[in-house]
Amino acid sequence: MAIIVATGLQGQGATAEVLTIPGPEGALSGAYLAAEDAQHLVVLVPGSGPIDRDGNGPQVGLHSDSYRLLAEALAASGVASIRIDKRGFSGSAAAIGDPNDVTIAAYAQDVRDWVTKAAEKATCVWIAGHSEGGLVSLIAAMQPQAELCGVILLATAGRPIGQLMREQIRANPANAPFIAELEAIIDDLETGKTRPMQGISSQLQPMFQPGLQRYMIDLFAYNPVDAAKVLTVPTLVVQGGADMQVGVQDAELLDQTMPRSAMTLIADMTHMLKADIPGQPFATYTDPHLPLHPALLPTIMQFIAAHTPADN
């Protein structure tokens, strides 16, 4: 285990090329951002829900541009990237009819397919997963590919998601009238049981549509440390101290579990990979003009440089 401390700047705007690979029913789409003479390429894996390749989800009020900003920053430092749209969403909407008819294993296979595609562009491919995308990245890397040089986990849970959801629910005072019901639903999903819609309060029904319940049953079955402990590739764990969704203990669990890991704690970084704005806890979720945290890019670049195979 190593703790990395870094500071620095990020890149500015650039134009990406749309790439596609075969999906289950239609094409999976991603945005390829080249870098001159790049030997390294990072596949950026989005977080949960209807989040697109740029890190935005209008349906859930998210407009951060975090993934686009990270891709541009990497390109300015000589590292190419492919930021992907998950099957069923945005540019990959045609890949599957029902975006909720998915599993973590299916997402992970898509990531492995993107790694294969990325190997056409660079000799050393890295997977960077954000939030739930970190779990997907862990599962993908359990079957290591020759092209895969390592994994970067950004704000990734180290505990089962059902446990994390309970903490998030209890931490929000607005949930007080529904805590007992929410926890009972999570209990059911963790044991593989769905809840009929007529048995769910109307205010909670959007969170637990039948398709989402099936997906959550699959999601809740994973314990991230079970995947982490068998990883054989170098892995960087990056966690923000101002993250309202994932805690420092999650990063520590992952770092302590993996045989080849490094961990960076950025004290004032939020879940959106940006510096916290005091008194405005949701600013980094809704203001795309806010830059990435200045320590994020140097942390990633230092890790890549330290773990580049000798023949690259």
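Given the structure is predicted, the values throughout are model-derived calculations rather than measurements.

Asker: Before we go on, may I ask you to explain the packing of helix α2 (residues 104–118) against helix α3 (residues 132–141) in this structure?
Answerer: In contact at an axis separation of 8 Å, α2 and α3 are set at 70° when each is read in the N-to-C sense. Taken together, the axes of α2 and α3 are roughly perpendicular relative to one another. Between α2 and α3, the contacting residues are Ile104, Tyr107, Ala108, Val111 and Arg112 on the first element and Glu132, Leu135, Val136, Ile139 and Ala140 on the second. Considering only residue class, the contact of α2 with α3 consists of eight nonpolar, no polar and two charged.

Asker: It is not clear to me how the packing of aromatic side chains should be interpreted in this structure. Could you clarify?
Answerer: What describes a pair of aromatic rings is the distance from one ring centre to the other and the angle between the planes of the rings. If you walk through the whole model with that rule in mind, you get three aromatic pairs. Ring geometry for tryptophan 126 against phenylalanine 303: centres 5.8 Å apart, planes inclined by 70°, an arrangement best described as edge-to-face. Of this pair, tryptophan 126 sits in strand β7 (residues 124–130) while phenylalanine 303 sits in helix α10 (residues 296–306), and the two are 177 residues apart along the sequence. Neither tryptophan 126 nor phenylalanine 303 differs from the other in exposure class; each is buried.

Asker: Got a minute to help me understand the sheet that holds strand β3 (residues 40–45) in this structure?
Answerer: Strand-to-strand pairing in sheets goes through backbone hydrogen bonds, with the strands running parallel or antiparallel. Strand order in the open sheet made by the eight strands is β1-β2-β6-β3-β7-β8-β9-β10, with mixed pairing throughout. A single partner strand is all that each edge strand has here, and the edge strands are β1 (17–22) and β10 (261–266). Neighbour-to-neighbour, the strand axes of this sheet turn through a mean angle of 20°, independent of strand direction. Across the face of the sheet, α3 comes into contact with β3, β7 and β8 (148–154) while running at roughly 140° to β7.

Asker: Any chance you could explain the environment of alanine 174 here in plain terms?
Answerer: With respect to the element layout, alanine 174 can be found in the loop between α4 (161–171) and α5 (179–190). With 52 residues separating them along the chain, alanine 174 and alanine 122 place their C-alpha atoms 47 Å apart.

Rules of the game
- Residues numbered from 1 in each chain as written.
- Predicted model: local features only at pLDDT ≥ 70, side-chain atom pairs only at ≥ 80, totals over all residues.
- Heavy atoms only, no water.
- Axes fitted to C-alpha atoms, helices over the stretch in contact; angles between N-to-C directions.
- Helix = DSSP H or I, 4+ residues; strand = E, 2+ residues; numbered from the N terminus.
- Parallel < 35°, antiparallel > 145°, perpendicular 65-115°, else oblique.
- Contact = heavy atoms within 4.5 Å.
- Nonpolar A, V, L, I, M, F, W, Y, C, P; charged D, E, K, R; others polar.
- Phe/Tyr/Trp six-rings, centres within 6.5 Å; stacked < 30°, edge-to-face > 60°.
- Buried < 20%, exposed > 50% of the residue type's maximum accessible area, 1.4 Å probe, protein only.
- Pairing = 2+ DSSP bridges.

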